[in-house]
Amino acid sequence: MALALALLWQALGRLWRSPAASARHAPPSRAMEHDRAIEVYDIIRTIRDPEKPNTLEELEVVTENCVQVQEIGEDEYLVIIRFTPTVPHCSLATLIGLCLRIKLQRCLPFRHKLEIYISEGTHSTEEDINKQINDKERVAAAMENPNLREIVEQCVTEPD
């Protein structure tokens, strides 16, 4: 009987400390940040890979854990995405970052600042790519290229 009671208390302790339980009982701003992170993930998970017939979610380039949202002002949030290319020398990592940025700029229904990074240690040129995908002028210049714009549109457009 004592063993059963101890096991029950141990299981309940794990449940109370679980992320889902902590999100339910978190202060309002933490709960809102969690809700916003889920909202962001729902937007980016359907982006298609430029090279494969899969979504970024299916390839595990993005996961729920790669999205972080922090409140930085009244109804304004910092959205940080850390995505993981499928291989360390992925030639399309910059394009994937561009697709993430464009889709979020178009679809996020709240005021935000957006930072997109390659997960640390997952790409051979991550520093250079991080600079490119977070530079507004480079992003604007890339989207002026009709061929690149067409590829981005194909990746970010929701399937019918």
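Located above this text is the structure these notes cover.
From a predicted model like this one, the values you see are computed outputs, not experimental measurements.

A. Summary view of the packing of aromatic side chains. Going through the model one piece at a time under the given rule, you end up with one aromatic pair. Ring geometry for Tyr-77 against Phe-110: centres 5.3 Å apart, planes inclined by 75°, an arrangement best described as edge-to-face. Residue Tyr-77 is located in strand 2 (residues 76-83), and its partner Phe-110 is located in the loop between helix 4 (93-107) and strand 3 (111-118); the two are separated by 33 residues in the primary sequence. Judged by its relative accessible area of 7%, Phe-110 is buried.

B. Expanded view of the environment of Glu-71. Relative to the elements of secondary structure, Glu-71 occurs in strand 1 (residues 67-73). According to the relative accessible area criterion, Glu-71 is partly exposed, its value standing at 34%. A C-alpha to C-alpha distance of 9.0 Å links Glu-71 and His-112, two positions 41 residues apart in sequence.

C. Summary view of the sheet that holds strand 2. The three strands lie next to each other as 1-2-3, forming an open sheet whose pairing is mixed. At either end of the open sheet lies a strand with only one pairing partner, and these are strand 1 and strand 3. The sheet shows a mean angle of 20° between the axes of neighbouring strands, taken without regard to direction. Summarising the sheet, strand 1 and strand 2 pair through six bridges and their orientation is antiparallel. Pairing of Gln-70 across the sheet is with Leu-78, part of strand 2. Helix-sheet contacts for helix 5 (residues 126-133) involve strand 2 and strand 3, and the interaxial angle to strand 3 is about 160°.

Calculation rules
Residues numbered from 1 in each chain as written. Predicted model: local features only at pLDDT ≥ 70, side-chain atom pairs only at ≥ 80, totals over all residues. Heavy atoms only, no water. Phe/Tyr/Trp six-rings, centres within 6.5 Å; stacked < 30°, edge-to-face > 60°. Helix = DSSP H or I, 4+ residues; strand = E, 2+ residues; numbered from the N terminus. Buried < 20%, exposed > 50% of the residue type's maximum accessible area, 1.4 Å probe, protein only. Pairing = 2+ DSSP bridges. Axes fitted to C-alpha atoms, helices over the stretch in contact; angles between N-to-C directions. Contact = heavy atoms within 4.5 Å.

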